[in-house]
Amino acid sequence: MHDLGTFRAHLDAIAERLSTRGLTLPLEEFRALDIRRRSAITESEQLKAEQNSLSRDIGKLRKEGANTDELQTRSRQMGDRAGELAKQMEEVDSKFREMLAGIPNVPHESVPAGKSADDNVMVRSIGEPRQFDFEPQAHWDLGPALGILDFDRAAKITGARFAIYMGLGARLERALINFMLDTHSREHGYTEVLPPFVVNSASLYGTGQLPKFAEDLFKLENTDYWLIPTAEVPVTNIYRDETLDAEKLPVKFCAYTPCFRSEAGSYGRDVRGIIRQHQFQKVELVKFTKPEDSYAELESLTADAEDILRRLGLHFRTMLLCTGDMGFSSAKTYDIEVWLPGQNGFKEISSCSNFEAFQARRANIRFRAGKKAELVHTINGSGLAVGRTWVAIVENYQQKDGSVVVPEVLRPYLNAEVITSSAQLK
């Protein structure tokens, strides 16, 4: 959420920057509200001054034994009017806050203006696409053929956009989770946490999913509980309504969770395979930082996510998202995209964002340096999306006979060098 005072003071500049996100602010409505508020403040201050003067007069007259009934009546009327003005200001501020809750974050000055993914900027490209001497298959064909992925039985159990991992397919998913958590906690300096997979509305408001994106979520009937769309939500809310010690920043957490999304706005997109599922696994990285450090910490977090792909030997590129392709709460985002030969294209596998104080203001997360308390900056990114990493390994390490070579760094976790159909459940 935006700071109310900053928003009022810099309305035109903020509106111009937000227009690069394709958003047109209702400036006249904002200005009308601001005029009402300023008018109420001016009248309230005048009334306060008059009341103070009147109180002095009443005190003086009482000492002289004079009748002060009329003056006291006027003082009460002023008090009543002051109460009306205070209520009016609160109503205006409430309306302001309600409108601000639906307005996305202002893009950082380093973010390129653009309308869509076509305007994103490639920052770096690591590795080269593998060259095959055969036609590479997509994972939705390879997985079922190897007996490590079953869509039909998952659809029977639940419905579309669910999958069952079987045998070495399930073990590969688990191996990836453990490999990612071990790397981030042992080598990149993150503290591993295992948060709840169900959260309340306040938590989703704090990270920006509510109220705007409720249709993308799964809510538990007759409760205030929701299934998490990402570990970002419970992990960021660990410190909701708390003040951290400045000397302990940055705080760095990594977490594995399943994630649940209704995919309400993705009709017709990635309908085959496990790229876009209602349930998937992810390892998330979350940082709480000082404002002056947050952009350096964003670069560091992005590098930590990229390191997983480097170790797995996968070709990827990192894209700086333009203003029109950024998430609601983000001030700056890098998308890491992995090469999928079976689909002859790149697919996003991690989105690393600096939210500045946008989430911290909603969730009331501060830090204290001396006597001064101010809002932290929050940063997060996938480290990585496990299912999409699974897809990248299966498609990039496939062999002509339909088997899949296990990347060397995963072999100690999997206790296997090759995934073959003969070893799988059918």
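The following refers to the structure shown. Computed from a predicted structure; not experimentally measured. (Residues numbered from 1 in each chain as written. Predicted model: local features only at pLDDT ≥ 70, side-chain atom pairs only at ≥ 80, totals over all residues. Heavy atoms only, no water.)

### As for the overall build of the chain
Definition in use: Helix and strand assignments follow DSSP, with helices taken as H or I runs no shorter than four residues and strands as E runs no shorter than two, numbered in order from the N terminus. The reference for a compact globule is 2.2 Å times residues^0.38; the radius of gyration itself is calculated from the C-alpha atoms. Burial status follows relative accessibility: with a 1.4 Å probe on protein chains alone, a residue under 20% of its type maximum counts as buried, one over 50% as exposed, and anything between as partly exposed. Only four residue types enter the charge count, namely Lys and Arg as positive and Asp and Glu as negative; His and the chain termini do not. To locate a charge, take NZ of a lysine, CZ of an arginine, CG of an aspartate or CD of a glutamate.
Helix and strand content of the chain: 13 helices and 18 strands. Rg of the C-alpha trace for the chain: 28 Å, well past the compact-globule value of 22 Å for 426 residues, more than 25% over. For the chain, the residues scored as buried account for 50% of the 426 residues in total. Positive and negative side-chain charges of the chain, numbering 54 and 61 respectively, have mean locations separated by a distance of 2 Å.

### Some words on the packing of helix α2 (residues 11-18) against helix α3 (residues 27-63)
Here is the rule: Note on geometry: axes are lines fitted to C-alpha atoms, helical ones only across the stretch in contact, with angles between N-to-C directions running from 0 to 180 degrees. Any angle between 65 and 115 degrees counts as roughly perpendicular, while under 35 counts as roughly parallel, over 145 as roughly antiparallel, and the rest as oblique. Throughout, a crossing is termed right-handed when the near helix is turned clockwise from the far one, and left-handed when it is turned anticlockwise from it by less than a right angle. We call two residues in contact when some of their heavy atoms are within 4.5 Å. All residues other than Ala, Val, Leu, Ile, Met, Phe, Trp, Tyr, Cys, Pro, Asp, Glu, Lys and Arg, Gly among them, are scored as polar; the first ten of these are nonpolar and the last four charged.
Axis separation between α2 and α3 bottoms out at 12 Å; the angle between their running directions is 155 degrees. Between α2 and α3, the interaxial angle falls into the category roughly antiparallel. In terms of crossing hand, the pair formed by α2 and α3 is right-handed. Along its contact with α2, which presents Leu11, Asp12 and Ala15, the element α3 presents Leu27, Phe30 and Arg31. Partitioned by chemical class, the residues of the contact of α2 with α3 number 4 nonpolar, no polar and 2 charged.

### Quick notes on the packing of aromatic side chains
The geometry of an aromatic ring pair is captured by two quantities: the separation of the ring centres and the angle between the planes. Filter applied, for reference: Only the six-membered ring of Trp is used, alongside the rings of Phe and Tyr, when aromatic pairs are assigned; centres must lie within 6.5 Å, and planes under 30 degrees apart are stacked while those over 60 apart are edge-to-face, with the rest tilted. Whether a charge lies above a ring is judged from NZ of Lys or CZ of Arg, which has to be within 6 Å of the ring centre and within 35 degrees of the ring normal.
In this structure the tally under the stated criterion is 10 aromatic pairs. Taken together, a centroid distance of 5.3 Å and an interplanar angle of 80 degrees make the contact between phenylalanine 132 and phenylalanine 134 edge-to-face. An aromatic cluster is built from Phe213, Phe328 and Phe358, whose rings are joined through pairwise contacts. One cation-aromatic arrangement involves lysine 219 over tryptophan 226; the distance from NZ or CZ to the ring centre is 5.4 Å. Above the plane of the ring of tyrosine 190 lies lysine 252, whose end atom (NZ or CZ) is 4.7 Å from the centre.

### Notes on the nonpolar core
Operational definition: The nonpolar core is taken to be a set of buried Ala, Val, Leu, Ile, Met, Phe, Trp, Tyr and Cys residues, with the residues joined through side-chain atoms within 4.5 Å.
Ranked by internal contacts, the top residues of the largest apolar core, which has 51 residues, are Leu172, Leu176 and Trp390. In terms of residue count, the dominant contributor to this core is helix α7 (residues 168-186) (8 residues). Those residues in contact with leucine 176 that lie beyond four places of it in its chain are Leu312, Val386, Thr389, Trp390, Ile393 and Leu410. One finds Ala246, Ala357, Ala360 and Leu375 within the second-largest nonpolar core, a separate group that totals 19 residues.

### Observations regarding the side chain of aspartate 93
Convention followed: Any pair of nitrogen or oxygen atoms within 3.5 Å is treated as a polar contact; in protein, a donor-acceptor pairing is required on top of that, and neighbouring residues in sequence qualify only through side-chain atoms on both sides.
As for its placement among the helices and strands, aspartate 93 is situated in helix α4 (residues 69-101). Assessed through its relative accessible area of 10%, aspartate 93 is described here as buried. Among the polar contacts made by the side chain of aspartate 93, one reaches the side chain of arginine 37 at a distance of 2.7 Å. Contacts of aspartate 93, omitting those with residues within four sequence positions, involve Leu4, Arg8 and Arg37.

### Re the sheet that holds strand β10 (residues 279-289)
The test is simple: Only strands that DSSP links by at least two bridges are regarded as paired with each other.
Strand order in the open sheet formed by 8 strands is β1-β11-β12-β13-β16-β10-β9-β4, with mixed pairing between adjacent strands. With one partner strand each, in any of the chains shown, β1 (121-126) and β4 (191-193) form the two edges of the open sheet. Pairwise comparison of adjacent strand axes, ignoring direction, gives a mean angle of 25 degrees for this sheet. Relative to strand β11 (residues 316-320), β1 runs antiparallel, the two sharing 5 bridges. When the bridges of β11 are listed, isoleucine 126 appears paired with phenylalanine 316. In the packing of helix α10 (residues 294-312) onto the sheet, contacts are made with β1, β10, β11, β12 (332-340), β13 (345-354) and β16 (377-385), and the angle to β16 comes to roughly 5 degrees.

### Thoughts on α4
Since there are 3.6 residues in each turn of an α-helix, residues three or four apart along the chain are aligned in direction. Here is the rule: By definition here, a helix of n residues has an expected span of 1.5 Å times n minus one.
Here α4 is 33 residues long and its end C-alpha atoms lie 48 Å apart, about the 48 Å a rise of 1.5 Å per residue gives. Within the sequence span of α4, burial applies to Leu71, Ser75, Met78, Leu85, Met89, Val92, Asp93, Phe96, Met99, Leu100 and Ala101. Where α4 is buried, its residues touch α1 (4-9), α3, α8 (201-207) and α11 (358-363).

### As for a nonpolar patch on the surface
Quick reminder of the rule: Within the patch definition used here, like charges are joined within 9 Å and nonpolar side chains (Val, Leu, Ile, Met, Phe, Trp, Tyr) within 5 Å, considering only residues with over 30% relative accessible area and no salt bridge. The Shrake-Rupley method, run with a 1.4 Å probe sphere, supplies the accessible areas, and residue values consider only the shown protein chains as cover. The working definition used for a salt bridge is a side-chain nitrogen of Lys or Arg within 4 Å of a carboxyl oxygen of Asp or Glu.
Where nonpolar side chains cluster on the molecular surface, the patch consists of Leu194, Phe197, Val198, Leu220 and Tyr225 and spans about 450 Å² of accessible area. Topologically, valine 198 is positioned in strand β5 (residues 198-200).

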